[in-house]
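The lines below spell out each chain.
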Amino acid sequence: MHEPLRLGIAGLGTVGASVVRLLQGHGDALASQLGRPVHVVAASARDEGRDRGLSMLDIAWHDDPVGLARSTTIDVLVELIGGADGAAHASVRAALNAGKSVVTANKALLAAHGVELARLAEERGAQLAFEAAVGGGIPIIKTLREALAGNRLTRLYGILNGTCNFILTRMEQGMAYPAALAEAQALGYAEADPSFDVEGLDTAHKLAILTSVAFGTEIDRDAIFVEGISGIEPEDIAAADELGYRIKLLGVAQRTESGIEQRVHPTMVPRDSDIARVSGVTNAVAVEGDFIGSVMLSGPGAGGNATASAVVGDIIDLARGVRVPPLGRPAASLQPYRQARIQAHEGGYYLRLKVRDRPGAFAAIANRMAEAGISLDSIVQRNRPPGTAPKHGTEVLQPVTIITHSTTEQAVRSALGKIEAEGEIFGRAQMIRIEAL
Ligand code: NDP
Ligand code: HSE
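To start, this report covers the structure provided alongside it. (Residues numbered from 1 in each chain as written. Chains lettered and ligands numbered in written order. Predicted model: local features only at pLDDT ≥ 70, side-chain atom pairs only at ≥ 80, totals over all residues. Heavy atoms only, no water.)

So, about the site of ligand 1. If you check the shell around ligand 1, you find 25 residues, and the closest are Leu-12, Val-15, Asp-47, Arg-52 and Gly-303. Taking Arg-52, its side chain carries an N or O atom lying 2.7 Å from an oxygen atom of ligand 1. One of the backbone N or O atoms of Gly-303 is found 2.6 Å from an oxygen atom in ligand 1. Within the complex, 83% of the 910 Å² of free accessible area of ligand 1 lies under protein. Its residues assigned to classes, the shell around ligand 1 comprises 10 nonpolar, 9 polar and 6 charged. (Near = heavy atom within 4 Å. Polar contact = N/O pair within 3.5 Å; in protein donor to acceptor, adjacent residues only side chain to side chain. Areas by Shrake-Rupley, 256 points an atom, 1.4 Å probe, with all protein chains shown as cover. Nonpolar A, V, L, I, M, F, W, Y, C, P; charged D, E, K, R; others polar.)

Encoded structure:
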């Protein structure tokens, strides 16, 4: 038996506690598989007195995660605190500076500082592993960095936030948005601040990391077009169903002539597509490349145990001495990220309008679309029983849904801008992009 690998775990919450339980429960099996034991020798969290349902015997306590990172009693820091800055960033930097490898599940940290940390790890001869940061238990980082590395990738898209997919699935089952969010929080899926989930930022952080590993570009979380799911109404869920679609919060990165387009938004996907069938907290990532064609991985995207599975996979790599550049190539050779503009995005669009019930309104809308060069696939005035159409004061509003053929974002926004300004519709139009799959 070789020397033990000594771990210091910073953060003993949902994920940290599951990692300790996994390592304690499977300790003997892992030791015989790896030819060396893996021991949690030290830990840090905010509250030493909290009962975490764990045996903390033989685990030294550190109030300060930076002190833990620097401790000579550990070989590897496992950072499971969370957050882009503060204790997470400081402890990861301290460990790498001391030449210790780091395993983290922290996408916010990597989206903000991933390139800097990868460079630091390379300079200090340490490893920085983050499989759990994207897609929970799904091994998407290894798949992109290793298994698919021979391909020239053209597009990747995925359901990267379990909380949003859970909420959208529950809404399809008739549950109201606030109740669905509360359930996701109770199940431990949501971030400490759930607006990160529902406003699409968590997905954007994960997409920024995937884009870097897939396309060899520097991470740029601020260059992503982001729209969350909080504006999705039950009417959109019902209309999607009638039209043969489902609504998913997708993160998409795609090569275009003008650069790499990165976008996060609610998306209509054909109901019979593989990604449409991904329900609940499950995540999925589809990758398209020149030799592989298309491949999709799906699995549990959040929750303590699934995430611990990915964290421990990284720990096992370290115990075996696996060495890879964190972002799939030396940090110095990552290309600056060249952002494609969302206005140039091409695709189909779903539009839902509350049209004023007056002569010529329908024709005016169709004309504005035609002037912008938009070809309509369907325009449907949704039937409601007499007397149940929505009203604004005494005015009757007719709910109309439009599906366009492929067009540009610029054309759709320009037509909608004119339609709104002319007062043919009440309020803002709902606009959901359709992804060609
Ligand atoms: P939790 O909020 O459940 O746990 C955070 C832990 O960090 C707690 O133990 C907390 O201590 C500790 N902590 C907070 N601040 C400090 C500090 N300043 N010093 C020391 N310890 C501190 O988070 P999760 O376990 O859910 O998430 C951890 C990481 O994993 C995050 O980066 C998250 O994004 C990521 N992740 C989470 C998933 C999930 O499903 N939950 C899935 C995939 C990734 P105390 O317990 O004493 O309060
Ligand atoms: N809040 C995240 C989610 C956790 O819901 O997917 C996993 O990163």
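Next comes the rest of the description.
A few words now on the packing of helix H6 (residues 140-147) against helix H10 (residues 201-215). Here H6 crosses H10 at 15°, and the two axes come no closer than 9 Å. Compared by their axis directions, H6 and H10 come out roughly parallel. Crossing hand, H6 versus H10: left-handed. Residues Ile-140, Ile-141, Leu-144 and Arg-145 of H6 form the contact with H10, whose own contacting residues are Ile-209, Leu-210, Val-213 and Ala-214. Class assignment for the residues of the contact of H6 with H10 results in 7 nonpolar, no polar and 1 charged. (Axes fitted to C-alpha atoms, helices over the stretch in contact; angles between N-to-C directions. Helix = DSSP H or I, 4+ residues; strand = E, 2+ residues; numbered from the N terminus. Parallel < 35°, antiparallel > 145°, perpendicular 65-115°, else oblique. Left-handed = near helix turned anticlockwise from the far one by under 90°. Contact = heavy atoms within 4.5 Å.)

Moving on to helix H11 (residues 234-243). Within H11, burial applies to Asp-236, Ile-237, Ala-239 and Ala-240. Relative to the axis of H11, the buried residues are bounded by an arc of 165° and lie together on one face. For H11, the exposed residues set more than 90 degrees away from the buried face come down to Pro-234 and Glu-242. The inward-facing, buried residues of H11 abut helix H7 (162-172), strand S9 (245-256), strand S10 (259-270), strand S13 (346-356), strand S16 (395-404) and strand S18 (430-434). Once H11 ends, the next one or two residues include Gly-244, with phi positive near 90°. (Buried < 20%, exposed > 50% of the residue type's maximum accessible area, 1.4 Å probe, protein only. Arc of directions from axis to C-beta.)

Let us look at the environment of Val-226. With respect to the helices, strands and loops of the structure, Val-226 is situated in strand S8 (residues 225-226). Relative accessible area serves as the criterion here: at 28%, Val-226 is assigned to the partly exposed category. Separated by 37 residues in the primary sequence, Val-226 and Arg-263 place their C-alpha atoms 6.0 Å from one another. In contact with Val-226, not counting residues within four places along its chain, are Glu-199, Gly-200, Leu-201, Ala-204 and Val-264.

A separate point is the pattern of salt bridges. For the structure on display, the rule yields 25 salt bridges. Ionic pairing is found between Arg-221 and Asp-222, a salt bridge with its closest N-O pair at 3.4 Å. For Arg-221, a relative accessible area of 31% corresponds to the partly exposed category. Residue class for Asp-222 comes out exposed when judged on its relative accessible area of 64%. With a closest N to O distance of 2.6 Å, Glu-261 and Arg-263 form a salt bridge. (Salt bridge = Lys/Arg side-chain N within 4 Å of Asp/Glu carboxyl O.)

Now for the packing of helix H1 (residues 14-25) against helix H12 (residues 304-320). Between H1 and H12, the least distance of the axes is 8 Å, while the angle of their chain directions is 60°. In terms of orientation, H1 and H12 fall into the oblique class. The handedness of the crossing between H1 and H12 comes out as right-handed. Seen from H1, the contacting residues are Thr-14, Val-15, Ser-18, Val-19, Leu-22 and Leu-23; seen from H12, they are Gly-304, Asn-305, Thr-307, Ala-308, Ser-309, Val-311, Val-312 and Ile-315. Taken together, the residues of the contact of H1 with H12 break down into 8 nonpolar, 6 polar and no charged.

The next point concerns the site of ligand 2. Taken together, the residues surrounding ligand 2 are Lys-107, Asn-161, Gly-162, Thr-163, Tyr-189, Ala-190, Glu-191, Asp-197, Asp-202, Lys-206, Gly-301 and Ala-302. In this structure, an oxygen atom belonging to ligand 2 sits 2.5 Å away from a side-chain N or O atom of Lys-107. Residue Asp-197 places a side-chain N or O atom 2.7 Å away from a nitrogen atom belonging to ligand 2. Considering ligand 2 on its own, with 250 Å² of exposed area, one finds that the protein chains cover 92% of that surface. Of all the elements in the fold, those that place two or more residues in the shell around ligand 2 are H7 and H10.

With that out of the way, let us pick up the packing of aromatic side chains. By the definition in use, this model includes 1 aromatic pair. For the pair Phe-166 and Tyr-189, a centre-to-centre distance of 5.7 Å together with 65° between the ring planes defines the contact as edge-to-face. Placement of Phe-166 in helix H7 and of Tyr-189 in the loop between helix H8 (177-186) and helix H9 (195-198) is noted, with a sequence separation of 23 residues between them. Like Tyr-189, Phe-166 is buried. (Phe/Tyr/Trp six-rings, centres within 6.5 Å; stacked < 30°, edge-to-face > 60°.)

Don't take any of this as a statement about function, it's just geometry.
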